[in-house]
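Residue-level structure breakdown
Take a look at the letters that make up each chain.
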Amino acid sequence: MYRSLGGLGGGILTGVTPPPPKPVRGFSKALAQGTKVFLRYPTGGDMAEWVKVREQSEAFLTKWDPTPLGEDYPRPAEEMFYRLMDTADTEHSQRFLICDMAAGRIMGQVSLNQIFRGPFWNCTTGYWIGEEFARRGYMTEALRLCLALAFERLNLHRVEANIIPRNEASRALAKRVGMRYEGTALRYLRINGVWEDHEHWAMTAEEWEERKEVGA
(Lines give C-alpha, C1' and ligand atoms only; values in the text may rest on other atoms or scores of the structure.)
Protein backbone atom coordinates (compact mmCIF):
# COMPACT_ATOMS: atom_id res chain seq x y z
CA MET A 1 0.00 0.00 0.00
CA TYR A 2 1.29 3.45 -0.93
CA ARG A 3 2.37 5.75 1.90
CA SER A 4 3.25 9.43 1.52
CA LEU A 5 6.82 10.44 2.30
CA GLY A 6 5.33 12.99 4.66
CA GLY A 7 3.79 10.19 6.68
CA LEU A 8 6.90 8.03 7.00
CA GLY A 9 8.43 10.11 9.77
CA GLY A 10 11.89 11.68 9.82
CA GLY A 11 13.58 13.58 7.03
CA ILE A 12 16.75 13.23 4.98
CA LEU A 13 19.66 15.43 6.08
CA THR A 14 23.03 15.90 4.43
CA GLY A 15 25.88 15.47 6.89
CA VAL A 16 25.09 16.95 10.29
CA THR A 17 23.24 20.01 9.03
CA PRO A 18 21.54 21.74 11.98
CA PRO A 19 18.05 23.20 11.74
CA PRO A 20 17.86 26.95 11.02
CA PRO A 21 18.44 29.17 14.10
CA LYS A 22 15.18 31.03 13.52
CA PRO A 23 11.81 30.00 12.09
CA VAL A 24 11.90 29.59 8.30
CA ARG A 25 8.69 29.57 6.31
CA GLY A 26 7.72 26.01 5.34
CA PHE A 27 10.67 24.35 7.07
CA SER A 28 8.44 22.44 9.47
CA LYS A 29 7.20 20.48 6.43
CA ALA A 30 10.69 19.71 5.10
CA LEU A 31 11.20 16.18 3.77
CA ALA A 32 14.92 16.66 3.13
CA GLN A 33 17.36 19.32 4.30
CA GLY A 34 20.77 20.44 3.12
CA THR A 35 22.96 23.43 3.91
CA LYS A 36 21.42 25.69 1.25
CA VAL A 37 17.98 24.25 0.50
CA PHE A 38 15.24 22.00 1.79
CA LEU A 39 12.57 20.06 -0.11
CA ARG A 40 8.87 19.93 0.72
CA TYR A 41 5.56 19.20 -0.93
CA PRO A 42 3.64 22.17 -2.39
CA THR A 43 0.48 23.49 -0.74
CA GLY A 44 -2.37 25.56 -2.12
CA GLY A 45 -0.91 28.65 -0.46
CA ASP A 46 2.25 28.40 -2.63
CA MET A 47 0.50 29.17 -5.89
CA ALA A 48 1.21 32.91 -6.16
CA GLU A 49 4.92 32.56 -5.34
CA TRP A 50 5.39 29.49 -7.56
CA VAL A 51 3.65 31.20 -10.49
CA LYS A 52 5.80 34.31 -10.02
CA VAL A 53 9.02 32.29 -10.19
CA ARG A 54 7.85 30.50 -13.35
CA GLU A 55 6.68 33.66 -15.09
CA GLN A 56 9.82 35.63 -14.26
CA SER A 57 11.93 32.81 -15.73
CA GLU A 58 9.71 31.93 -18.71
CA ALA A 59 12.32 32.52 -21.42
CA PHE A 60 14.96 30.72 -19.34
CA LEU A 61 12.78 27.62 -18.80
CA THR A 62 10.46 27.26 -21.80
CA LYS A 63 13.12 26.00 -24.21
CA TRP A 64 13.60 22.90 -22.01
CA ASP A 65 9.95 22.24 -21.06
CA PRO A 66 8.19 19.03 -22.17
CA THR A 67 5.23 19.62 -24.48
CA PRO A 68 2.47 16.99 -24.29
CA LEU A 69 0.78 16.28 -27.62
CA GLY A 70 -2.66 17.80 -28.03
CA GLU A 71 -2.05 20.59 -25.51
CA ASP A 72 -1.54 24.29 -26.06
CA TYR A 73 1.91 25.55 -25.16
CA PRO A 74 3.17 27.33 -23.25
CA ARG A 75 0.57 26.43 -20.65
CA PRO A 76 -0.49 29.14 -18.19
CA ALA A 77 1.59 28.92 -15.02
CA GLU A 78 -1.56 28.65 -12.92
CA GLU A 79 -2.61 25.54 -14.86
CA MET A 80 0.86 24.05 -14.36
CA PHE A 81 0.57 24.63 -10.61
CA TYR A 82 -2.78 22.84 -10.42
CA ARG A 83 -1.20 19.87 -12.19
CA LEU A 84 1.70 19.97 -9.75
CA MET A 85 -0.71 19.83 -6.82
CA ASP A 86 -2.57 16.88 -8.34
CA THR A 87 0.62 14.86 -8.89
CA ALA A 88 2.91 15.99 -6.06
CA ASP A 89 2.35 13.05 -3.74
CA THR A 90 1.11 9.92 -5.48
CA GLU A 91 2.18 6.33 -5.94
CA HIS A 92 3.71 7.16 -9.33
CA SER A 93 5.11 10.66 -8.79
CA GLN A 94 6.77 12.67 -6.04
CA ARG A 95 7.29 16.38 -6.73
CA PHE A 96 9.00 18.76 -4.37
CA LEU A 97 9.50 22.49 -4.06
CA ILE A 98 13.08 23.65 -3.67
CA CYS A 99 13.16 26.25 -0.88
CA ASP A 100 16.12 28.22 0.45
CA MET A 101 17.23 27.61 4.03
CA ALA A 102 17.51 31.33 4.77
CA ALA A 103 13.88 32.35 4.34
CA GLY A 104 11.96 29.47 2.78
CA ARG A 105 11.66 31.17 -0.62
CA ILE A 106 10.48 28.92 -3.45
CA MET A 107 13.28 28.69 -6.02
CA GLY A 108 12.28 25.78 -8.22
CA GLN A 109 11.15 22.18 -8.33
CA VAL A 110 12.62 18.68 -8.44
CA SER A 111 10.56 15.59 -9.18
CA LEU A 112 10.54 11.82 -9.27
CA ASN A 113 8.26 10.77 -12.11
CA GLN A 114 7.04 7.50 -13.62
CA ILE A 115 7.79 5.51 -10.47
CA PHE A 116 7.56 1.80 -11.26
CA ARG A 117 7.78 -1.12 -8.85
CA GLY A 118 7.45 -4.80 -9.75
CA PRO A 119 10.78 -6.03 -11.15
CA PHE A 120 11.83 -2.49 -12.18
CA TRP A 121 11.87 -0.17 -9.10
CA ASN A 122 12.84 2.71 -11.33
CA CYS A 123 11.87 6.35 -11.91
CA THR A 124 12.88 9.40 -13.90
CA THR A 125 13.87 12.71 -12.35
CA GLY A 126 13.09 16.17 -13.68
CA TYR A 127 14.06 19.56 -12.30
CA TRP A 128 14.04 23.29 -12.90
CA ILE A 129 15.14 26.37 -11.01
CA GLY A 130 14.33 30.06 -11.43
CA GLU A 131 16.86 32.03 -13.45
CA GLU A 132 17.85 34.29 -10.55
CA PHE A 133 18.81 31.22 -8.48
CA ALA A 134 20.73 29.36 -11.21
CA ARG A 135 24.47 28.62 -11.08
CA ARG A 136 24.68 29.07 -7.30
CA GLY A 137 24.76 25.44 -6.15
CA TYR A 138 21.10 25.26 -5.14
CA MET A 139 20.08 22.81 -7.83
CA THR A 140 23.04 20.51 -7.18
CA GLU A 141 22.11 20.16 -3.52
CA ALA A 142 18.39 19.82 -4.33
CA LEU A 143 19.01 16.96 -6.77
CA ARG A 144 21.24 15.17 -4.25
CA LEU A 145 18.48 15.46 -1.64
CA CYS A 146 15.95 14.15 -4.16
CA LEU A 147 18.19 11.16 -4.91
CA ALA A 148 18.48 10.51 -1.18
CA LEU A 149 14.69 10.40 -0.91
CA ALA A 150 14.49 8.09 -3.93
CA PHE A 151 17.04 5.58 -2.64
CA GLU A 152 16.68 5.86 1.13
CA ARG A 153 12.98 6.56 1.66
CA LEU A 154 11.30 5.15 -1.45
CA ASN A 155 13.84 2.31 -1.73
CA LEU A 156 14.05 2.61 -5.50
CA HIS A 157 16.81 0.79 -7.34
CA ARG A 158 17.40 3.16 -10.25
CA VAL A 159 16.88 6.85 -11.06
CA GLU A 160 17.42 8.23 -14.53
CA ALA A 161 17.53 11.72 -16.03
CA ASN A 162 16.85 12.34 -19.72
CA ILE A 163 18.69 15.39 -21.02
CA ILE A 164 18.85 17.21 -24.36
CA PRO A 165 22.51 16.91 -25.48
CA ARG A 166 22.94 20.67 -25.94
CA ASN A 167 21.73 21.38 -22.39
CA GLU A 168 25.25 21.67 -21.01
CA ALA A 169 24.15 22.88 -17.58
CA SER A 170 21.85 19.90 -17.03
CA ARG A 171 24.45 17.43 -18.28
CA ALA A 172 27.05 18.91 -15.93
CA LEU A 173 24.55 18.70 -13.05
CA ALA A 174 23.88 15.01 -13.66
CA LYS A 175 27.60 14.29 -13.77
CA ARG A 176 28.21 16.34 -10.59
CA VAL A 177 25.76 14.30 -8.52
CA GLY A 178 27.26 11.02 -9.73
CA MET A 179 25.00 9.95 -12.56
CA ARG A 180 26.61 8.24 -15.54
CA TYR A 181 25.88 8.52 -19.26
CA GLU A 182 24.19 5.43 -20.72
CA GLY A 183 23.45 6.41 -24.31
CA THR A 184 21.31 8.65 -26.52
CA ALA A 185 17.73 8.06 -27.65
CA LEU A 186 16.69 9.72 -30.90
CA ARG A 187 13.59 11.95 -30.97
CA TYR A 188 12.83 10.74 -27.45
CA LEU A 189 10.71 13.51 -25.95
CA ARG A 190 8.69 16.44 -27.26
CA ILE A 191 10.28 19.64 -25.92
CA ASN A 192 8.90 23.10 -26.68
CA GLY A 193 6.99 21.58 -29.61
CA VAL A 194 9.92 19.62 -31.13
CA TRP A 195 10.84 15.93 -30.85
CA GLU A 196 14.32 16.13 -29.32
CA ASP A 197 17.09 13.57 -28.88
CA HIS A 198 17.88 12.86 -25.21
CA GLU A 199 20.87 11.46 -23.39
CA HIS A 200 20.12 8.90 -20.68
CA TRP A 201 21.95 9.54 -17.39
CA ALA A 202 21.34 7.18 -14.48
CA MET A 203 22.33 6.01 -11.01
CA THR A 204 21.53 2.79 -9.18
CA ALA A 205 21.13 2.19 -5.46
CA GLU A 206 24.49 0.37 -5.41
CA GLU A 207 26.22 3.41 -6.91
CA TRP A 208 24.47 5.69 -4.43
CA GLU A 209 25.77 3.60 -1.52
CA GLU A 210 29.28 3.56 -2.97
CA ARG A 211 29.29 7.35 -3.21
CA LYS A 212 28.07 7.63 0.38
CA GLU A 213 30.84 5.34 1.58
CA VAL A 214 33.56 7.48 0.01
CA GLY A 215 31.87 10.72 1.07
CA ALA A 216 31.16 11.94 -2.45
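This report concerns the structure included in the present document.

Reading guide: rules and limits
Throughout this description, residue numbers start from 1 for each chain and increase along the sequence as written. Residues qualify for local features only when their pLDDT is at least 70, as the model is predicted, and side-chain atom pairs are given and counted only at 80 or more; totals for whole chains, interfaces and linings, by contrast, use all residues. No hydrogens and no water enter the side-chain calculation; it runs on all heavy atoms of the structure. In this text, helices come from DSSP runs of H or I with a minimum length of four residues, and strands from runs of E with a minimum of two, each type numbered from the N-terminal end. Burial classification: accessible surface area is computed with a 1.4 Å probe over protein chains only, and a residue below 20% of its type maximum counts as buried, one above 50% as exposed, and the rest as partly exposed. By the convention used here, residues are in contact when the closest approach between their heavy atoms is within 4.5 Å. Only the protein chains shown count as cover for residues, with accessible areas throughout obtained via the Shrake-Rupley method and a probe of 1.4 Å. Salt bridges are defined by distance alone: a side-chain nitrogen of Lys or Arg within 4 Å of a carboxyl oxygen of Asp or Glu. Between any two strands, pairing holds if DSSP finds at least two bridges. Note on handedness: a crossover is taken as right-handed if, strands pointing away from the viewer, the path from the first strand over the helix to the second is clockwise. Two distance rules govern patches: like charges are joined within 9 Å, and nonpolar side chains (Val, Leu, Ile, Met, Phe, Trp, Tyr) within 5 Å, applied only to residues with over 30% relative accessible area and no salt bridge. When charges are counted, Lys and Arg contribute as positive and Asp and Glu as negative, whereas His and the chain ends are disregarded. Working definition for charges: the position is that of NZ of Lys, CZ of Arg, CG of Asp or CD of Glu. Only buried residues count toward a nonpolar core, which is a set of Ala, Val, Leu, Ile, Met, Phe, Trp, Tyr and Cys residues joined through side-chain atoms within 4.5 Å.

Let's shift gears to the overall build of the protein chain. Scanning the protein chain for helices and strands turns up six helices and nine strands. Looking at the protein chain residue by residue over its 216 residues, the buried ones come to 48%. Relative to all contacts within the protein chain whose residues are 6 or more apart in sequence, the contacts with residues 24 or more apart total 62%. Only carbon and sulfur atoms are counted for the fraction: they give 54% of the accessible area of the protein chain, which is about 11,100 Å².

Applying the stated criterion to the full structure yields 12 salt bridges. Here Glu182 and Arg158 are joined by a salt bridge, their closest N and O atoms 2.3 Å apart. With Glu182 in strand β8 (residues 180-191) and Arg158 in strand β7 (residues 158-163), the pair connects residues that are 24 residues apart, well separated along the chain. According to the relative accessible area criterion, Glu182 is partly exposed, its value standing at 38%. By relative accessible area, Arg158 is classed as buried at 16%. When the shortest N-O distance is used, the salt bridge between Arg180 and Glu182 registers 2.7 Å. Through salt bridges with shared partners, one network takes in Arg158, Glu160, Arg180, Glu182 and Glu207.

Most of β7 is tucked away: five of the six residues are buried. Pairing of strand β6 (residues 122-129) with β7, which is carried by three bridges, proceeds in the parallel orientation. Across the sheet, Asn122 pairs through a bridge with Arg158, a residue of β7. Handedness of the β6-helix α4 (residues 138-153)-β7 crossover: right-handed. One ladder, built from six bridges, connects β7 with strand β9 (residues 194-204); its direction is antiparallel. Pairing of Val159 across the sheet is with Met203, part of β9.

Further remarks concern a negative patch on the surface. A cluster of acidic residues, Glu206, Glu209, Glu210 and Glu213, forms a negative patch on the protein surface. Along the chain, Glu209 turns up in helix α6 (residues 205-213). Note on Glu209: relative accessible area 37%, which makes it partly exposed.

Locating Leu97 in the fold gives a position in strand β4 (residues 94-100). C-alpha separation for the pair Leu97 and Phe38, spaced 59 residues apart in sequence, amounts to 8.2 Å. Sequence-distant contacts of Leu97, that is, excluding residues within four places in its chain, are made with Phe38, Leu39, Arg40, Tyr41, Pro42, Asp46, Trp50, Leu84, Ile106 and Gly108.

Core analysis: the biggest nonpolar cluster contains 40 residues, and Leu39, Phe96, Leu112 and Met179 have the highest contact counts within it. Ranked by the residues each element gives to this core, the list is headed by α4, at 11 residues. Among residues more than four places away in sequence, those in contact with Phe96 are Leu5, Leu31, Leu39, Arg40, Tyr41, Gly108, Gln109, Val110, Leu112, Cys146 and Leu149. Membership of the second largest hydrophobic core comes to 17 residues, among which are Leu61, Phe81, Ile106 and Trp128.

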